[in-house]
Amino acid sequence: MMTIKPHLQRRLLPLLLLPLSTLANSETQPYYCDDGSRINISFSATNDGRPQATLHLTAGDLTLPQVPAASGALYRSGENRLHVNGENSLIEDSQGNRRQCHVGSPPPLKIAPPSPALSSFLDISGSVSYRQRSALPPEAVLIIRVQNLTPTGAPARQLAEQRIELAGRQVPILFSTTIDRDLIGKKSHITVAARIEHRGKPLFVSDKTYPALINGQPQAVEINLRPASRGIKP
């Protein structure tokens, strides 16, 4: 029996969660939504092998890279999200609209409007700054990491990582990333850390982690960085 190495299993898993019909012909797959609309979605991968989904909309194509999720496959770009689980999907846009869709035939018309779908995702947002009077180089990159700390002493579990190409932007720098609510346990302690790098070398780092939730709800996180020193990792 052929054994699949662990790193290949991680790459194959998101593909196994997609509809079989999509994988079979690699063509655009129509999804029918509970509001009577239809949306075409295709699944592919970037040159470095990262899975992505493309929503073919009237206004143009919208490509969403894959991000971690507790179940199914989650794709996100900004406030636009697509959560695929088998032949069902949940689509959320930047205006807060949500559509539950599925592969197959159009759903029957409903007399009453559908009840709004409850999102299982949490938006973690805030700002990053530092006190030193020094400008960042144009090639600087801000890295945001969201982690799940447990009181058992087990290693922290990374829930999300966001890389922001600053392209000359200076502090304060706003950020926003998404985590799956299902990844959070009752005793979880969700924190955020940040660092700014230039050509792979740290310039500024956070020497502590910042709580991201209060009573299970997101709060705006204000992260203060300090100059990096050798051996320091946020």
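Just so we're clear, the structure is a prediction, and the values are computed from it rather than from any experiment.

**Student:** It is not clear to me how the confidence of the model for the protein chain should be interpreted in this structure. Could you clarify?
**Tutor:** Any region with low pLDDT has predicted coordinates that should not be read closely. Here the protein chain averages 81 in pLDDT, while 79% of its residues score no lower than 70. Confidence drops under a pLDDT of 50 for residues 1-26, and excluding neighbours within four residues, the segment shows 23 contacts in the predicted structure.

**Student:** Help me out: how do you make sense of unusual backbone geometry in this one?
**Tutor:** Glycine aside, residues mostly have negative phi, and peptide bonds are mostly found in the trans state. Residues V171 and P172 are joined by a peptide bond in cis, for which omega reads 0°. Of note in the backbone geometry, A167 takes a positive phi value of approximately 50° without being a glycine. Relative accessible area serves as the criterion here: at 67%, A167 is assigned to the exposed category. Its identity as a non-glycine residue notwithstanding, R199 has a phi of 55°, on the positive side.

**Student:** Would you take a moment to explain the sheet that holds strand 7 (residues 88-92) for this structure?
**Tutor:** Sheets are built from strands paired through backbone hydrogen bonds, the pairs being either parallel or antiparallel. The strand order around the closed barrel formed by 8 strands is 1-2-3-4-5-6-7-8, and the pairing between neighbours is antiparallel. Put simply, the sheet's adjacent strands are angled 30° from each other on average, direction ignored. Sheet analysis places strand 1 (residues 29-33) next to strand 2 (residues 38-45), joined by 4 bridges and oriented antiparallel. Bridge pairing in strand 2 places P30 opposite N40.

**Student:** I'm lost on the side chain of D180 in this one. Help?
**Tutor:** Summarising the element assignment, D180 is placed in strand 12 (residues 173-180). Summary of buried charges: D180 has no salt-bridge partner, and the nearest side chain of opposite charge, R181, is 7.0 Å away. Polar contacts involving the side chain of D180 include one to the main-chain amide nitrogen of A70, which spans 3.1 Å. A polar contact is formed between the side chain of D180 and the backbone nitrogen of D182, at a distance of 2.9 Å. With residues up to four places along the chain from it excluded, the contact list for D180 reads A69, A70, S71, S120 and F121.

**Student:** Looking at this model, I keep getting lost on the nonpolar core. Mind explaining?
**Tutor:** When a protein is soluble and globular, its nonpolar side chains tend to lie buried together. L142, V192, I196 and I223 are the most contacted members of the largest nonpolar core, which has 28 residues in total. If we skip the residues at most four places from it in the chain, V192 touches I124, I144, R145, V146, F175, K208, T209, Y210, A212, V221 and I223.

**Student:** Just to check I follow, could you spell out the pairing of strand 9 (residues 121-130) for this structure?
**Tutor:** Every regular strand shows the same layout, with side chains that alternate between the two sheet faces. Most of strand 9 is tucked away, with 7 of its 10 residues classed as buried. Sheet topology places strand 9 next to strand 12; 8 bridges connect them, and they run antiparallel. Looking at the pairing, S125 lines up with S176 of strand 12. Of the pairings in the sheet, the one linking strand 9 to strand 18 (residues 221-227) comprises 5 bridges and is parallel in character.

**Student:** Teacher, can you tell me more about the packing of aromatic side chains here?
**Tutor:** Aromatic ring pairs are reported here in terms of the distance separating the ring centres and the angle at which the planes meet. One pass over the full model with this rule turns up 2 aromatic pairs. A ring pair is formed by F43 and Y75, whose centres lie 5.8 Å apart and whose planes are at 50°; its orientation type is tilted. One end of the pair, F43, is in strand 2; the other, Y75, is in strand 5 (residues 73-77), and 32 residues separate them in sequence. Both residues of the pair, F43 and Y75, belong to the buried class. For the ring pair Y130 and F204, a centre distance of 3.9 Å and an interplane angle of 5° mean the geometry is stacked. Separated by 74 residues along the polypeptide, Y130 in strand 9 and F204 in strand 14 (residues 201-205) bring together distant segments of the chain. Here Y130 matches F204 in class, with each residue buried.

**Student:** Quick question: what am I supposed to make of the pairing of strand 5 here?
**Tutor:** Most of strand 5 sits inside the fold, with 4 of its 5 residues counted as buried. Direction of pairing for strand 4 (residues 60-67) relative to strand 5: antiparallel, over a ladder of 2 bridges. Residue pairing for strand 5: V67 is matched across the bridge by L74. Adjacent in sequence and paired antiparallel, strand 4 and strand 5 are bridged by 5 residues, among which G72 carries a positive phi angle near 65°. As paired elements, strand 5 and strand 6 (residues 80-85) share 5 bridges and run antiparallel to each other. Bridge pairing links S77 to N80 in strand 6. Taking the residues between adjacent antiparallel strands as the criterion, strand 5 and strand 6 are bridged by 2 residues, where G78 takes a positive phi near 65°.

Reading guide: rules and limits
- Residues numbered from 1 in each chain as written.
- Predicted model: local features only at pLDDT ≥ 70, side-chain atom pairs only at ≥ 80, totals over all residues.
- Heavy atoms only, no water.
- pLDDT = per-residue confidence, 0-100.
- Contact = heavy atoms within 4.5 Å.
- Buried < 20%, exposed > 50% of the residue type's maximum accessible area, 1.4 Å probe, protein only.
- Pairing = 2+ DSSP bridges.
- Helix = DSSP H or I, 4+ residues; strand = E, 2+ residues; numbered from the N terminus.
- Axes fitted to C-alpha atoms, helices over the stretch in contact; angles between N-to-C directions.
- Lys, Arg positive; Asp, Glu negative; His and termini not counted.
- Salt bridge = Lys/Arg side-chain N within 4 Å of Asp/Glu carboxyl O.
- Polar contact = N/O pair within 3.5 Å; in protein donor to acceptor, adjacent residues only side chain to side chain.
- Core = buried A, V, L, I, M, F, W, Y, C linked by side-chain atoms within 4.5 Å.
- Phe/Tyr/Trp six-rings, centres within 6.5 Å; stacked < 30°, edge-to-face > 60°.

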